[in-house]
Structures are given as structure tokens and as C-alpha cells.
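Architecture and fold: a report
Residues per chain are reported as follows:
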Amino acid sequence: MTDPSSDAVVRFPGGRVTPDHWTTLAGVAAEHGGDVVLAPRGGVLVRRADGGAVSRSELVAAGLPRRVGDERLPHVIASPMAGRLDGHHDLADLPERLCSELLRSGNLGPDGIPALLGPLVVGLDDGSGDVLAHSPDLALVAGGVDGAVRFHVRGLDTSLEVAIADAPSVLSDLTAQVLRSPDAVRGTTDPDVLFDLVVVALGTHPRTAPRDRSATATTAVEVPRVGWVDTADGLVSLLAVVPHAVVPARLAEFLGAVERPGTVSADRVIGLHGLTESMAEQVVRVLAPMGMVFDDASPWVTGSA
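Presented here is an overview of the structure given in this document. Since this is a predicted model, take the numbers as computed values, not measurements.

**Quick word on the overall build of the chain**
- Regarding its fold elements, the chain presents ten helices and 15 strands.
- Per-residue burial for the chain yields a buried fraction of 47% across its 305 residues.
- Of the contacts made within the chain by residues no fewer than 6 positions apart, 65% connect residues no fewer than 24 positions apart.
- Of the accessible surface of the chain, which amounts to about 13,600 Å², a share of 50% is contributed by carbon and sulfur atoms.

In C-alpha cells form, the structure reads like this:
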């Protein structure tokens, strides 16, 4: 399989893919006689029949939101089951608000942090630890008092937290402070220097506070890698992988036709959420023969394929 090209991968905030997104991806893939490919850390690209990749600008022109192709933004990965199971705290629209605030504020500048650090990965973890397991550079972990989220930097808990409503503006301020720092102005790319700066900036921000360590953490319900998951609202989430991380255009079209919220996780698992039991049964009957793997014993899930 062709390696994902950096100028072709689009990244949906938190891996949240709507039915319209799937429909657009399917249309572009079909036009080029190709497929949709799931890239690492929740990225997606469209591959042509000749193996080349369709550019981000062409995907945006076809109807994808402009922000998914903006290379200044960090890679934002998020827990796909947030708010759907006990212990998986709701992140609401935090992924979308974070990206929108970074673009609105102008704090990214013409190049943004990626020009200094390389691709920056921001993780939004629902408290289950599934996103922290991917070692994001900077993470917000839900589960604090009154819905606060706590900061992790390079895998370390900073013992600082912020109200989830304030998180996008705090991260935007943090970005501006990093870009204005003497190290950034001089073009320093040493990640240790810049991440030390991040910790100091968080500690002095007026909206952050020391984490209340007396709070009792809730144990998150374990989620299977793939399969049928009964959610707390009485509905169903379906999780699946596809062979070689390739979604044929026809399958992508059907994912859009389901008309339910979707996710693509950092480990390339496709999620369909908010289904009734009868809908979920029908989806499995239709999409399993088209290549979606819902069986956790499959070699495509166990890694033995």
C-alpha cells in the first residue's frame, strides 16, 4: 500500500466523521477509481487508481470542511466512546471547539507550531486512558471535579486542570505564548525546551488550577476493539476495522448512508454510534459482506492477518 502522503491526509477533529464526510470521501474516491485509506492517528486520505493520493485542497474543494486540510492545526485525537459508557466522560464538542478557536484567534500564525515541533498531537481522553495510550504530546483528560479536564504533557500529569468550557481558549493562549517565546523566535526545535515552556505557561495561566487529588475517579467500562457495544443511553455503537485499513468507495458510500455519527480512532477503528438494535443488526448484515470486520477473533483484529 502506498505510504500516506503528508500533503494528502485530512484529519477530522477528534476523528469525528459525519455521514456527509463519508459521502464526500466516497464520491471523490469513486471519481478517481480509488479507495479511502485510514492513515495513522485518525487521518484519512483518498487514493487514486494509480496509487497516487488526492490532495487535501482537492478534498476540501469537493466539500470537506476547510479546517480538516489546514496543516497549521495540531493532530487532534479523541476517545470515540466519550459520553457513551460509564466512566467515559462526555467531551461534548471539545475537538471541534478547540480547532475552531485556534483558527479564529489567529494565534497559530502563518506556520503554526508544526513548523517548530513537527506534527503536534493533542489528545482528548474521556478518562478511560485510551487516548493516553497513544502517547500524545499534549493531552486533556476528562474526569475532574465539576467536569474539569487535567493536562498531561509528554505523558506526565501536570497536576493542573481547567474547566472544559475554557480548555480551547487556554490552549489557544498557550499556542501564542509558545510562538512568542525566545526559543521559538530563534527557531529552536528542541522539543524538551519547548515542552518545558508549555508546562510553565500552563502553570501561570489564570484559568488553570491545581488538580483536586481528593476527587474519586470512576472506573471506565472496558471497550472491545471491535464489535457490538451497548451504550448507556440504550442505543448501540458498532466498532469495526477494514482489511489493510482500506475503505472501498462503495463501502464509504454506505457508511454515509447510515446517517449516524461516526468516528475514526487513532488506531484506525471505524465507529458508528447512536444506532437502535434493529438498525445495528441491519448495518452488520449489509456492511460485513462489504469488508467491515466486526469479529474480535478475526485475524484483521488480532494482527495475525
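Read on, since the account is not over.
**Overview of empty space enclosed by the protein**
- Across all of its chains, the model carries three cavities of 30 Å³ or more by this definition.
- Volume-wise, the second largest cavity comes out at about 60 Å³.
- Every residue lining the second largest cavity is counted, 14 residues in all, and those nearest its centre are Gly 15, Arg 41, Gly 42, Val 76 and Ile 77.
- Per-element tally for the lining of the second largest cavity: the top contributor is strand S5 (residues 75–78), with four residues.
- Within the lining of the second largest cavity, the residues separate by chemical class into six nonpolar, six polar and two charged.

**Things to note about the layout of surface pockets**
- Taken as a whole, the second largest pocket spans an internal volume of roughly 360 Å³.
- Looking at the lining of the second largest pocket residue by residue, the class counts come to twelve nonpolar, eight polar and four charged.

**Description of the sheet that holds strand S12 (residues 236–240)**
- Here we have five strands laid out as an open sheet, ordered S2-S14-S15-S12-S11, and antiparallel in their pairing. Among the strands making up the open sheet, the edge pair consists of strand S2 (16–17) and strand S11 (227–230).
- This element, helix H9 (residues 277–287), spans S11, S12 and strand S15 (270–275) of the sheet and lies at about 150° to S15.

**Considerations on the packing of helix H3 (residues 94–105) against helix H5 (residues 167–180)**
- Remark: H3 packs on H5, axes separated minimally by 9 Å, with the N-to-C direction vectors making an angle of 40°. Accordingly, the angle class assigned to the pair H3 and H5 is oblique. Considering the relative orientation of H3 and H5, their crossing is right-handed. Of the residues in H5, those in contact with Leu 94, Arg 97, Leu 98, Glu 101, Leu 102 and Ser 105 of H3 are Ala 167, Pro 168, Ser 169, Leu 171, Ser 172 and Thr 175.
- Class assignment of the residues belonging to the contact of H3 with H5 gives a composition of six nonpolar, four polar and two charged.

**Digging into the pairing of S11**
- Sheet analysis places S11 next to S12, joined by four bridges and oriented antiparallel. Bridging across to S12, Val 229 finds its partner in Ser 237.
- Between S11 and the antiparallel strand that follows it, S12, lie five residues; Gly 234 among them carries a positive phi value of about 85°.

**Overview of the pattern of salt bridges**
- Considering all chains together, one arrives at twelve salt bridges under this definition.
- Taking the shortest distance from any N to any O, the salt bridge between Arg 207 and Asp 166 comes out at 3.5 Å. Residue Arg 207 is located in the loop between helix H7 (191–204) and strand S10 (209–210), and its partner Asp 166 is located in the loop between strand S9 (156–163) and H5; the two are separated by 41 residues in the primary sequence.
- Measuring nitrogen to oxygen at the nearest pair gives 3.3 Å for the salt bridge that ties Asp 267 to Arg 225. With Asp 267 in the loop between strand S14 (262–264) and S15 and Arg 225 in the loop between S10 and S11, the pair connects residues that are 42 residues apart, well separated along the chain.
- Exposure remark for Asp 267: the relative accessible area of 33% places this residue in the partly exposed category.

Definitions and cut-offs
Residues numbered from 1 in each chain as written. Predicted model: local features only at pLDDT ≥ 70, side-chain atom pairs only at ≥ 80, totals over all residues. Heavy atoms only, no water. Helix = DSSP H or I, 4+ residues; strand = E, 2+ residues; numbered from the N terminus. Buried < 20%, exposed > 50% of the residue type's maximum accessible area, 1.4 Å probe, protein only. Contact = heavy atoms within 4.5 Å. Areas by Shrake-Rupley, 256 points an atom, 1.4 Å probe, with all protein chains shown as cover. 1 Å grid on protein atoms, 1.4 Å probe; cavity = no way out; pocket = protein on both sides within 12 Å on 5 of 7 lines; lining within 4 Å. Points joined across faces, edges and corners; volume = space filled by probe spheres on them. Nonpolar A, V, L, I, M, F, W, Y, C, P; charged D, E, K, R; others polar. Pairing = 2+ DSSP bridges. Axes fitted to C-alpha atoms, helices over the stretch in contact; angles between N-to-C directions. Parallel < 35°, antiparallel > 145°, perpendicular 65-115°, else oblique. Left-handed = near helix turned anticlockwise from the far one by under 90°. Salt bridge = Lys/Arg side-chain N within 4 Å of Asp/Glu carboxyl O.

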